[in-house]
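In case you want the letters, here they are:
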Amino acid sequence: MKRPFDKLREGALSIAASMFLILPAAARDSFGIYDGWGAFRDAAPLKCYAIAEPEGGGGSKWRPFASVSWWPVEAVRGQLHIRLSQQTRNGADVMLVAGGRKWRLKAGKYDAWAPSSRHDAFILTKLRSAPSFSVSSVGMTGRGFADTYVLKGAASAFDAAALGCAKVQ
């Protein structure tokens, strides 16, 4: 089964990802803000997600973020998506580190995902108990970079987003 973000081309994804950060508040339902994490539901296409920005805000061309999404129509639950603060160098690995564990993510130019729904589940479990996580790669300049996310409030935001789409199946 294809995952929702796998269906989109990188260019279209970049536009879509940045658009949901700037859409008017009336275009989505808010389930709450939990420290640095927010939980929301968008109507079309129906999806619920928890989202946060990295410490320091990140990149200069766009707003990086980490999100965990539920897409009831696609039967997707707890899908990790990272919008990186920099464009990655072609072929560079994107690594996520949380709670003493490390995962290689599926990388695009500006985005990264867990390689499978099983990995999503493992990572989400670790994110629920870790104090923070970081995502690192090599940018177009050849220099390494890392985006760090504080996880205080993340578990509550994950739960709110999951419950927000639970009855719509």
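Everything quoted here is computed from the prediction, not taken from an experiment.

1. A short note on the side chain of R83
Thinking step 1. Relative to the elements of secondary structure, R83 occurs in strand β5 (residues 76-83).
Thinking step 2. Residue R83 is classed as buried on the basis of its relative accessible area, which comes to 4%.

2. Details of the packing of helix α2 (residues 117-129) against helix α3 (residues 154-166)
Thinking step 1. At a minimum axis distance of 8 Å, the contact between α2 and α3 shows a crossing angle of 130 degrees. Considering their axes alone, α2 and α3 lie oblique with respect to each other. Contact residues: L124, L127 and R128 in α2; A155, F158 and D159 in α3.
Thinking step 2. Each residue belonging to the contact of α2 with α3 can be placed in one class, and the counts come to four nonpolar, no polar and two charged.

3. Overview of α2
Thinking step 1. With 13 residues, α2 extends 19 Å between its outermost C-alpha atoms, agreeing within 8% with the 18 Å of an ideal straight helix rising 1.5 Å per residue.
Thinking step 2. Within the sequence span of α2, burial applies to D120, I123, L124 and L127. In a view along the axis of α2, the buried residues occupy a sector of 105 degrees, so they form one face of it. Exposed and oriented more than 90 degrees from the buried face of α2 are R118, T125 and S129.
Thinking step 3. Residues of α2 that are buried make contact with β4 (65-71), β5, β6 (94-98), β7 (101-107), β9 (132-138) and α3.

4. Considerations on the sheet that holds β4
Thinking step 1. Across the sheet, 10 strands lie side by side as β1-β2-β3-β4-β5-β8-β7-β6-β9-β10; this open sheet has antiparallel pairing. Both edges of this open sheet fall to β1 (28-34) and β10 (144-150), since each of them pairs with a single strand only. This sheet shows a mean twist of 25 degrees between the axes of neighbouring strands, independent of strand direction.
Thinking step 2. In this structure, strand β2 (residues 37-42) lies alongside strand β3 (residues 47-52), joined through five bridges in antiparallel fashion. Bridge pairing in β3 links D42 to K47.
Thinking step 3. Sheet strands in contact with α2 are β4, β5, β6, β7 and β9, and its direction is about 135 degrees off that of β7.

5. Here we look at the environment of L96
Thinking step 1. Considering the arrangement of structural elements, one finds L96 in strand β6.
Thinking step 2. On the basis of relative accessibility, which here comes to 0%, the residue L96 falls in the buried class.
Thinking step 3. The sequence separation of L96 and A146 amounts to 50 residues, and the corresponding C-alpha distance is 9.4 Å.
Thinking step 4. Leaving out residues up to four positions away in the same chain, L96 has contacts with L80, R101, K102, W103, L105, I123, F133, S134 and V135.

6. Quick notes on unusual backbone geometry
Thinking step 1. Between A44 and the following residue, P45, the backbone shows a cis peptide bond with an omega angle of -10 degrees.
Thinking step 2. Note on placement: P45 falls in the loop between β2 and β3.
Thinking step 3. One non-glycine residue, D35, lies in positive phi territory at about 55 degrees.
Thinking step 4. One non-glycine residue, A75, lies in the positive phi region at around 60 degrees.

Cut-offs used in this document
- Residues numbered from 1 in each chain as written.
- Predicted model: local features only at pLDDT ≥ 70, side-chain atom pairs only at ≥ 80, totals over all residues.
- Heavy atoms only, no water.
- Helix = DSSP H or I, 4+ residues; strand = E, 2+ residues; numbered from the N terminus.
- Buried < 20%, exposed > 50% of the residue type's maximum accessible area, 1.4 Å probe, protein only.
- Axes fitted to C-alpha atoms, helices over the stretch in contact; angles between N-to-C directions.
- Parallel < 35°, antiparallel > 145°, perpendicular 65-115°, else oblique.
- Contact = heavy atoms within 4.5 Å.
- Nonpolar A, V, L, I, M, F, W, Y, C, P; charged D, E, K, R; others polar.
- Expected span 1.5 Å × (residues − 1).
- Arc of directions from axis to C-beta.
- Pairing = 2+ DSSP bridges.

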